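Chain residues, written in single-letter form:
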Amino acid sequence: NAGVTQTPKFQVLKTGQSMTLQCAQDMNHEYMSWYRQDPGMGLRLIHYSVGAGITDQGEVPNGYNVSRSTTEDFPLRLLSAAPSQTSVYFCASSYLRANTEAFFGQGTRLTVV
Amino acid sequence: AQSVTQLGSHVSVSEGALVLLRCNYSSSVPPYLFWYVQYPNQGLQLLLKYTTGATLVKGINGFEAEFKKSETSFHLTKPSAHMSDAAEYFCAVSDNAGNMLTFGGGTRLMVKP
């Protein structure tokens, strides 16, 4: 019973590089989301998806892209990494919507130098 | 727009003492309210949630929270702290549509022996 799986766990990027953070869930959840966690700021929503083929922006979407081609997968793409994107990234899924219990992955610690 | 304020980024209590973590929210519609806990180097997990009905909500590990509409508060309490309660706690609010979950800045709970 894997739940929500994020890869990689750690990543160091150079400014301007691009990369994709992977997120997969095996609970057949419709709702998936990406957050970034910064000290003192809690978790801030980057993008979310209410089902396959449907995505929308959250609170801090600039510099990030997402797609949802399947129910299981919700990758987050950094287009051109900047030091301000140094953060811990969490993927989460919920059965139907954000007002049901969210299940979180273990996080990806990203450093942009 | 909805928002969450957690008073006190750090709270320290002695083992066996009362735990009180404060959360105030703003929402233009009746909210769905949550408390999540994050242990070091892990993702978040649900402690408890309020949707409708009884305003006193009981969660896991002896925690409970009371929804007070007049005060727009959802404070988290536990009668007797245990060393294993040391963690970071996040209050969150979702709207009725369930499109977005908004987190507070978090409160780090320290438990002294």
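Parameters and conventions
- Residues numbered from 1 in each chain as written.
- Chains lettered and ligands numbered in written order.
- Predicted model: local features only at pLDDT ≥ 70, side-chain atom pairs only at ≥ 80, totals over all residues.
- Heavy atoms only, no water.
- Helix = DSSP H or I, 4+ residues; strand = E, 2+ residues; numbered from the N terminus.
- Rg over C-alpha atoms; globule rule 2.2 N^0.38 Å.
- Buried < 20%, exposed > 50% of the residue type's maximum accessible area, 1.4 Å probe, protein only.
- Contact = heavy atoms within 4.5 Å.
- Areas by Shrake-Rupley, 256 points an atom, 1.4 Å probe, with all protein chains shown as cover.
- Lys, Arg positive; Asp, Glu negative; His and termini not counted.
- Charge placed at Lys NZ, Arg CZ, Asp CG, Glu CD.
- Disulfide = S-S within 2.5 Å.
- Buried area = accessible area lost by both parts, 1.4 Å probe.
- Salt bridge = Lys/Arg side-chain N within 4 Å of Asp/Glu carboxyl O.
- Polar contact = N/O pair within 3.5 Å; in protein donor to acceptor, adjacent residues only side chain to side chain.
- Pairing = 2+ DSSP bridges.
- Axes fitted to C-alpha atoms, helices over the stretch in contact; angles between N-to-C directions.

K.L.:
Go over the overall build of chain B with me, naming the residues and quoting the values.
P.N.:
A tally of regular secondary structure across chain B gives zero helices and 12 strands. The order of α-helices and β-strands along chain B, N terminus first, is β-β-β-β-β-β-β-β-β-β-β-β. The C-alpha radius of gyration of chain B comes to 13 Å, within 12% of the 13 Å expected for a compact globule of 113 residues. Every one of the 113 residues in chain B was classed for burial, and the buried ones make up 45%. Restricting the contact set of chain B to residue pairs at least 6 apart, pairs at least 24 apart contribute 56%. Surface summary for chain B: the accessible area is close to 5,200 Å², and the carbon and sulfur share equals 53%. Taken as two groups, the 8 positive and 7 negative side-chain charges of chain B have centres that lie 1 Å from each other.

K.L.:
Could you give an account of the state of the cysteines, with specific residues and numbers?
P.N.:
All names here are of chain A. With the rule as written, the count across this model stands at two disulfides over all chains. Paired through a disulfide, cysteine 23 and cysteine 91 show a sulfur-sulfur distance of 1.8 Å. The sign of the S-S torsion, about -70°, decides the handedness of the disulfide formed by cysteine 23 and cysteine 91: left-handed. Of this pair, cysteine 23 sits in strand β3 (residues 19–25) while cysteine 91 sits in strand β9 (residues 87–94), placing them 68 residues apart in sequence.

K.L.:
A description of the interface of chain B and chain A should follow, citing residues and the corresponding values.
P.N.:
Counting residues at the interface gives 23 residues for chain B, matched by 23 residues for chain A. A buried area of about 1,700 Å², summed over both sides, lies between chain B and chain A, and 54% of it is on carbon and sulfur atoms. When the area that chain B buries against chain A is broken down by residue, the three leading residues are Leu44, Asn99 and Phe103 of chain B, summing to 26%. At the boundary of chain B and chain A, one finds zero salt bridges. At the surface where chain B touches chain A, the tally comes to four residue pairs in polar contact (both at pLDDT 80 or more). Those elements giving two or more residues to the side of chain B that touches chain A turn out to be β5 (32–38), β6 (44–50), β10 (87–94) and β11 (101–103) of chain B. In terms of residue count, β5 of chain B provides more of the side of chain B that touches chain A than any other element does, four residues in total.

K.L.:
Account for the environment of glutamine 17 of chain A, with residues named and values stated.
P.N.:
All names here are of chain A. Structurally, glutamine 17 is set in the loop between β2 (10–13) and β3. Taking the C-alpha atoms as reference points, glutamine 17 and alanine 82, 65 residues apart in sequence, are found 8.4 Å from one another. The contacts of glutamine 17, once residues within four sequence positions are left out, are Leu78, Leu79, Ser80 and Ala81. Engagement of the side chain of glutamine 17 in a polar contact is seen with the backbone nitrogen of lysine 14, the distance being 2.8 Å.

K.L.:
Tell me what's going on with the pattern of salt bridges, and back it up with residues and numbers.
P.N.:
This structure, assessed with the given rule, holds five salt bridges over all chains. With its nearest N and O atoms 2.9 Å apart, the salt bridge here joins aspartate 38 of chain A to arginine 36 of chain A. In this pair, the class of aspartate 38 of chain A matches that of arginine 36 of chain A, namely buried. Residue glutamate 88 of chain B pairs with arginine 108 of chain B through a salt bridge whose shortest N-O separation is 3.0 Å. In this pair, glutamate 88 of chain B sits in strand β10 while arginine 108 of chain B sits in strand β12 (residues 107–112), placing the two residues 20 residues apart along the sequence.

K.L.:
Give me the side chain of serine 94 of chain B: which residues, what numbers.
P.N.:
By the secondary structure assignment, serine 94 of chain B is in strand β10. The class of serine 94 of chain B is buried, set by a relative accessible area of 0%. With sequence-adjacent residues up to four places away left out, serine 94 of chain B is seen in contact with Ala98 and Asn99 of chain A together with Gln2, Pro31, Tyr32, Phe34, Met100 and Leu101 of chain B.

K.L.:
Run through the sheet that holds strand β7 (residues 64–66) of chain A, naming residues and quoting values.
P.N.:
All names here are of chain A. One open sheet holds the four strands; their spatial order is β1-β3-β8-β7, and the pairing between them is antiparallel. A strand with exactly one partner marks an edge of an open sheet, and here the two such strands are β1 (4–7) and β7. Neighbour-to-neighbour, the strand axes of the sheet open up by a mean angle of 20°, direction not taken into account. By the bridge criterion, three bridges tie β3 to strand β8 (residues 76–78) in an arrangement that is antiparallel. Directly across from leucine 21, in β8, lies its bridge partner leucine 76.

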